[in-house]
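# Inside the fold
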Amino acid sequence: NRRGDRMASKKEDDGKLLFTFGALSDLQYADHENRKSFYGMTRHYKNALVCLDQALKTWNSINSKEEDKSAYKIEFVMHLGDIIDRISDKNAEKDLTKVLSAFEEFKGPVYHLIGNHCLYNLTREILHDRLIPSSLPPSFVSSSDFSSKSTKIDKGFYYAFSPHPKIRMICVDSYEVSTIGWPSDHPNHILASKILAQKNPNEEKNSPVGLKGADIRYVAFNGQIAPNQLEFMKQQMTEAQNDDQKIIICSHIPFVQLFSNSPSFLWNYEEVLALIDSFSNVVAVLAGHEHDGGYMKRKGVHHYIFPGIIECGPGSNAFASVQVFSDRIKIKGYGKIEDQTLSF
């Protein structure tokens, strides 16, 4: 009796720690002196590497004290996007190389999402070559496996993998439709330009001035998920449901508006949330982009947004060890991030 086997298995697994991973977001490193953001916050470009070094040393230290098969070991690191900053300009590749070299200090896999700052100065082809790991787990399924498109520029940055038989991670490309990162004649750029022209009357499309309610999200530093990727997500969710797996989604752009004056959420958030609502096995969405960070629980799904490392000055930090249990996620925070339990 398969149902009976599953029920027995679930009882055995209740409360069990399955695996642990490290998470952080919005490093936005640049070999540049500090400066103020559009919102008046200081961006500590060089200190981002100091913060990263502390995070990696913490995770390596945890791993050195745990046995090989311990679920407390940091199995992998997830960076939720914006690895370098727009201000890198012509030094973008050099700055990216420096950060990726720093990440090599972690003795394990590192996964990346792309954010707006990744795309300002580097092509998708370069980012695909540099940010998609060369060594992948057997469970890894990427957009290149799903899509018939063959060129690297058209391959998205969305993928999925199962770090444990009970969990599937779905990592999305939240800038698939965007004016950032695509040639001006690419269909995704053209569509994004039309959306901004219709929704944002400001000459400066990064400005939300005058936009009302949820329309505040229609700024050029956001984007949306295209139909092909939505189909990929639906396929992965269906497979996970059939395999009795819970789902954790990772995105650079949040799917919810944390604050009424925040523009930092996905253009087609309603469409994505409707997809999530149609499945009962999605337990959490982890994101970045909103540098203050924050949390919201919506229809039983935890939306956890990591604060930006870029706004951490000397002596501060914002990273976490994420412990995934069969019935909850425990955020073990460092620096700005407080410990938090997300039960499901």
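Note that the structure is a prediction, hence the values are computed from the model and not measured.

### What to know about the overall build of the protein
Each helix and strand in the protein was counted, giving 9 helices and 15 strands. In terms of overall dimensions, the protein has C-alpha extents of about 60 × 40 × 40 Å along its principal axes. Counting only residues that meet the buried cut, the protein has 55% of its 344 residues in that class. In the protein, the share of contacts with a sequence separation of at least 24, taken over all contacts with a separation of at least 6, comes to 67%. Of the roughly 15300 Å² that the protein leaves accessible, carbon and sulfur atoms contribute 48%. Treating the 40 positive side-chain charges of the protein as one cloud and the 42 negative ones as another, the clouds have centres 3 Å apart.

### Regarding the nonpolar core
Of all hydrophobic cores here, the largest spans 94 residues; its most connected members are F21, M78, M233, M237, I249, F255 and I276. Considering every element that reaches this core, the biggest residue donor is helix α2 (residues 47-65), with 7 residues. Contact partners of I276, with chain neighbours within four places excluded, come to M237, I249, F255, V282, V285 and V301. Residues V177, A192, A220 and A226 belong to the second largest nonpolar core, which totals 8 residues.

### A few points about the confidence of the model for the protein
When the pLDDT values of the protein are averaged, the result is 91; 91% of them are 70 or greater. Per-residue pLDDT stays below 50 along residues 1-12; that stretch engages in 5 contacts with residues further than four places along the chain or on separate chains. Confidence drops under pLDDT 50 across residues 148-153; counting only partners more than four residues distant or on other chains, this segment forms 9 contacts.

### Details of the sheet that holds strand β4 (residues 74-79)
In any sheet, the strands associate via hydrogen bonds between backbone groups, in a parallel or an antiparallel arrangement. If you walk across this open sheet you meet the 6 strands as β5-β4-β1-β13-β14-β15, and the pairing is mixed. Each end of this open sheet is capped by a strand with a single partner; those strands are β5 (110-112) and β15 (340-343). Averaged over all neighbouring strand pairs, the angle between strand axes comes to 25 degrees, with direction disregarded. Relative to β5, β4 runs parallel, the two sharing 3 bridges. Residue M78 lies in a different strand from β5, and its bridge partner there is Y111. Sheet strands touched by α2: β1 (17-24), β4, β13 (318-325) and β14 (328-335). Its angle to β13, the strand with the most contacts, is close to 35 degrees.

### A look at the environment of A92
Its place among the elements puts A92 in helix α3 (residues 92-103). Once the C-alpha coordinates of A92 and A30 are considered, the two residues, 62 residues apart in sequence, prove to be 7.9 Å apart. Those residues in contact with A92 that lie beyond four places of it in its chain are I84, N121 and L122.

### Quick word on helix α5 (residues 124-131)
One turn of the α-helix equals 3.6 residues, which is why residues spaced by three or four share an orientation. Within the sequence span of α5, burial applies to R124, L127, H128 and L131. Mapping the buried residues of α5 onto a view down its axis gives an arc of 105 degrees, with all of them on the same face. In the core, the buried residues of α5 are packed alongside α3, β5 and α4 (116-119).

Cut-offs and rules
- Residues numbered from 1 in each chain as written.
- Predicted model: local features only at pLDDT ≥ 70, side-chain atom pairs only at ≥ 80, totals over all residues.
- Heavy atoms only, no water.
- Helix = DSSP H or I, 4+ residues; strand = E, 2+ residues; numbered from the N terminus.
- Buried < 20%, exposed > 50% of the residue type's maximum accessible area, 1.4 Å probe, protein only.
- Contact = heavy atoms within 4.5 Å.
- Areas by Shrake-Rupley, 256 points an atom, 1.4 Å probe, with all protein chains shown as cover.
- Lys, Arg positive; Asp, Glu negative; His and termini not counted.
- Charge placed at Lys NZ, Arg CZ, Asp CG, Glu CD.
- Core = buried A, V, L, I, M, F, W, Y, C linked by side-chain atoms within 4.5 Å.
- pLDDT = per-residue confidence, 0-100.
- Pairing = 2+ DSSP bridges.
- Axes fitted to C-alpha atoms, helices over the stretch in contact; angles between N-to-C directions.
- Arc of directions from axis to C-beta.

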